[in-house]
Structure formats: structure tokens, C-alpha cells
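Each chain, written out:
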Amino acid sequence: MSQESSNGKKPTIPPYMKAISGSLGGVVEASCLQPIDVIKTRLQLDRSRNYKGIIHCGSTIVRTEGVRALWKGLTPFATHLTLKYTLRMGSNAVFQSAFKDSETGKVSNRGRLMSGFGAGVLEALAIVTPFEVVKIRLQQQRGLSPELLKYKGPIHCARTIICEEGLLGLWAGAAPTVMRNGTNQAAMFTAKNAFDVLLWKKQEGDGRVLQPWQSMISGFLAGTVGPVCTGPFDVVKTRLMAQSRETGGLKYKGMVHAIRTIYAEEGLLALWKGLLPRLMRIPPGQAIMWAVADQITGLYERRYLHVAPS
């Protein structure tokens, strides 16, 4: 029997538990899917079309740079995923509590969309942009010899960017990142809840713990819409983050200019470069993250929000 509050509202999971569940899910996801992210970045930066596709790109990296090159940028990637999911899950829970109906305690789909968008914007500005700038600069480096690499590691990379481009250099590509993450999270949180209800009849606060495979299916499906809708923002974000001022004037002056330039020089489909590896990384990543997060929050529900039936 569930422990409901005196006014009939269902108990809810506190934001800090959502944040913890997200952080642990992020660690597992980063470890599993880093190679796909490296391939995605290389394909998006491949203006001369050296890579023929995902498999060719991956095999070329392994052949010319070694297997470990597929995990380039793992440290900032894992750290940024952990912090990102902590902030995303926690802030989304806070925003949802603000949008809850005062009488029923339920959150409308509009409230979920706005909460997700707010969480995406917050994570984009506070965490995602500077970490991805460092990650992309490290990933775009080619070569096996460490002494030939401009950036020796994440910290050295960040310090070099600050020295050469100023502190704001770490926030290159912030505008498309905000648009990408805000839209992604608005769709993802809304879709995840919808799939949980539609497929498994799972409602938050009902005391049921989804099986990991159920969470993975819901998370995978919820993670498919965002990449298709936000592909141009992701390509532009990568291009803006990858360029540096050391070679003279910047090729792209901002988000709108970058979109127009890429379209004029490379065609419309270039704005969706790297879409397939994004679809290979984001939906599986969401599946892994939600499988971990749902187990943690589900166990919390059963232990602290519900008592076992007599």
C-alpha cells in the first residue's frame, strides 16, 4: 500500500535521488559508447571526405592511430556526462515540481516539455559547452606521436584555449548547443514518460520498478527523435567548437552564418553529417542511462515511498 500525503497527493522522488541516478548512469554510458562519439566527431569535421563511412572511419583510426584512439577524450567525456546527467536529472525534477498541478500533484505534457527544455539549457551553458569544446579539440588531433600534438591532455587543452582565445573560447558554439540540448531534453523527458505509460503502464510514484530491459526500450525510443530534429545544431556546434583563432580569421562567425556557409559550400545534407553515428550513440546511450537510473529511483520508491503489502 502506498504512503500518500494527507492531501491525497502521490509521493515523489526527491531531486537529489534523480541527480544521483543520472550520474551513475552517465558513468556506465560513457565507458560503453565513447568510440562512437569519436567517429561521429571525425565524420562531422571531415570536409575533404577522407572517410567513406562509419566502419571505414573507425578502421582508419585504429590502423593509423591505434585502438586507444577510439577512446580519445574519454576523461572529459566521462566527467562531462556524469556532471551533465547529475544536473539534467536533478534540475528537471526541480522544474517539474514547479510545474506540478497544485491539487493533483501531476505534471502535464506541457510542463514536462518546459522542464526538459529548461534542464537542457542549463546543462548546455553550465557543463556541456566547455567540456565538449575540450573533447572535440582533443578528438580532432591526428597522429600517434604525443610530442606532435598541440593539446597534451584535457587540462592542458583548456588552459591553451583560455590563453589563446580567452575564457569565452571554452564557450564557442554555445548558441547551437543551447538549442540542441534544450530541444533534445524537452523531447526526451516527455517521450520517456509517454513510453513508460504506453508500453509498461508505469507511473512515477506507483512503487513499480521497471525491469532493466523495459527501461532500455523506453529510453532507446525516447532518444531517437532528438538527433533527427537537432542534427544541424549538432553539426554547427561541432564546427564552431573545433575552429581556433591561431590560423587567423574564423571561418564561421556564429550559428546562423555557419548554417548558411555549410549549406552553400557542402549542400543541405551536410547539416546532418554524423547523423547515423549520433543515432548509434544517443539512443543506446539513453537506453543504458535509463536502465541504471530507473533501477536506482525504483528501488528508492519501493523502500522509502511505499511499504510492502501486508
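Above this note sits the structure.
Residues numbered from 1 in each chain as written. Predicted model: local features only at pLDDT ≥ 70, side-chain atom pairs only at ≥ 80, totals over all residues. Heavy atoms only, no water.

## Some words on the pattern of salt bridges
Line of reasoning, step 1. All told, the structure shown has 19 salt bridges when counted by the stated rule.
Line of reasoning, step 2. Lys 237 is paired through a salt bridge with Glu 132; the nearest N and O atoms lie 2.5 Å apart. Linking Lys 237 in helix 8 (residues 225-242) with Glu 132 in helix 4 (residues 109-139), this pair joins segments that are 105 residues apart in sequence.
Line of reasoning, step 3. Judged by relative accessible area, Lys 237 falls into the buried class, the value being 0%. (Salt bridge = Lys/Arg side-chain N within 4 Å of Asp/Glu carboxyl O. Helix = DSSP H or I, 4+ residues; strand = E, 2+ residues; numbered from the N terminus. Buried < 20%, exposed > 50% of the residue type's maximum accessible area, 1.4 Å probe, protein only.)

## A look at helix 8
Line of reasoning, step 1. In this model, helix 8 (18 residues) spans 26 Å end to end at C-alpha, consistent with the 26 Å of a helix rising 1.5 Å per residue.
Line of reasoning, step 2. Helix 8 sits mainly inside the fold: 15 of its 18 residues count as buried. (Expected span 1.5 Å × (residues − 1).)

## Topic: the nonpolar core
Line of reasoning, step 1. Grouped together as the largest cluster of nonpolar side chains are 13 residues, with contacts concentrated most on Val 134, Cys 157 and Ile 161.
Line of reasoning, step 2. Ranked by the residues each element gives to this core, the list is headed by helix 4, at four residues.
Line of reasoning, step 3. Sequence-distant contacts of Ile 161, that is, excluding residues within four places in its chain, are made with Val 133, Arg 137, Tyr 151, Gly 166, Gly 169 and Leu 170.
Line of reasoning, step 4. Leu 81, Tyr 85, Trp 290 and Ala 293 belong to the second-largest nonpolar core, a separate cluster that totals twelve residues. (Core = buried A, V, L, I, M, F, W, Y, C linked by side-chain atoms within 4.5 Å. Contact = heavy atoms within 4.5 Å.)

## Considering the packing of aromatic side chains
Line of reasoning, step 1. Counted according to the given criterion, the structure contains three aromatic pairs.
Line of reasoning, step 2. Between Phe 189 and Trp 290 the ring centres are 6.1 Å apart and the planes differ by 90 degrees, which places this aromatic pair in the edge-to-face class. Pair noted here: Phe 189 is in helix 6 (residues 174-200) and Trp 290 is in helix 10 (residues 275-305), with a separation of 101 residues, a long-range link. Residue Phe 189 shares its accessibility class with Trp 290, and that shared class is buried.
Line of reasoning, step 3. Sitting over the ring of Tyr 85, Lys 84 keeps its end group 5.5 Å from the ring centre. (Phe/Tyr/Trp six-rings, centres within 6.5 Å; stacked < 30°, edge-to-face > 60°. Lys NZ or Arg CZ within 6 Å of the ring centre and 35° of its normal.)

All we've got here are geometric facts, nothing functional implied.
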